[in-house]
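A closer look at the structure
Given next are the chains, with one letter for each unit.
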Amino acid sequence: TDEDVGRAFLLQFKDDIIVQTSNNRIGNIFTWDKYTNCWIQQSEKNFKSYIVGKLVNIIKPQYERACKVYLRNKELDFREKGGDNDDAMFEIETVIKTSINKLGKMTNINNAMWWIYHSVMSDTDMQREVAFNLQPNTKHLFQFNNGAFNLKTGKIEERTKEMYITDSLSYNFREIDAGIQEGMDKLEEMSKQTMPDDIQREDFNKWRGYNLTGETK
């Protein structure tokens, strides 16, 4: 049924979906992208396409594999019991093939999609009043393509769902090598030329840090 397919979808993807709220009012929908480790804001149309894509490319193949395993186990079970079980086996195969064909039809995919969509929008467990990219505990994290650089520790960290990040730089963080160090030295030299006073230069660097993190301690 549509509900069976929908529950299988939610069991697997519920933690990857957030319905943003503000003052108890429904707002935007966000889905987790495991390839960029970022949340993606979805329009209603795109979210429905997201659901259909998961149903066609993930849920349906998983169901087909589960059916094959079930048939193989059932056949082995019948062999152990002995006797003529061809008719029973044929009946089981027919039911499974019918259900697989039903799940593969676009009409039924769309029906399941609507069940999932309405369930997501009405599930309070999936609603969160969260400000993406503005969490206090991420002010010191600089978002590169390959992770979050911690300005306090000087280490790159894995970006997590709980950071509520929707965007990052398009290039990866790299550890300092000879080439990067050379560039840093050139910038330092240019800084000394434009601001020869050590105290003034230090204050300027602090000011840039304040602007980068919003922290003044």
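See the structure shown above.
Let's talk about the sheet that holds strand β1 (residues 17-22)
Across the sheet, four strands lie side by side as β3-β2-β1-β4; this open sheet has mixed pairing. This sheet does not close on itself; its edge strands, each paired only once, are β3 (38-42) and β4 (127-128). For strand β2 (residues 25-33) and β3, the ladder comprises five bridges, and the chain directions are antiparallel. The residue of β3 that forms the bridge with W32 is W39.

Some points on the sheet that holds strand β7 (residues 155-157)
The strand order across the open sheet built from three strands is β5-β6-β7, with neighbouring strands paired in antiparallel fashion. Each edge of the open sheet is held by one strand with a lone partner, namely β5 (141-144) and β7. Along the sheet, successive strands turn relative to each other by an average axial angle of 35°, direction set aside.

Section: the environment of I26
Within the secondary structure, I26 sits in strand β2. In this structure the C-alpha to C-alpha distance between I26 and Q127, which are 101 residues apart in sequence, comes to 7.9 Å. If we skip the residues at most four places from it in the chain, I26 touches V19, Q20, T21, M121 and Q127.

Conventions and cut-offs
Residues numbered from 1 in each chain as written. Predicted model: local features only at pLDDT ≥ 70, side-chain atom pairs only at ≥ 80, totals over all residues. Heavy atoms only, no water. Pairing = 2+ DSSP bridges. Helix = DSSP H or I, 4+ residues; strand = E, 2+ residues; numbered from the N terminus. Axes fitted to C-alpha atoms, helices over the stretch in contact; angles between N-to-C directions. Contact = heavy atoms within 4.5 Å.

Purely spatial values, then, with no claim about function.
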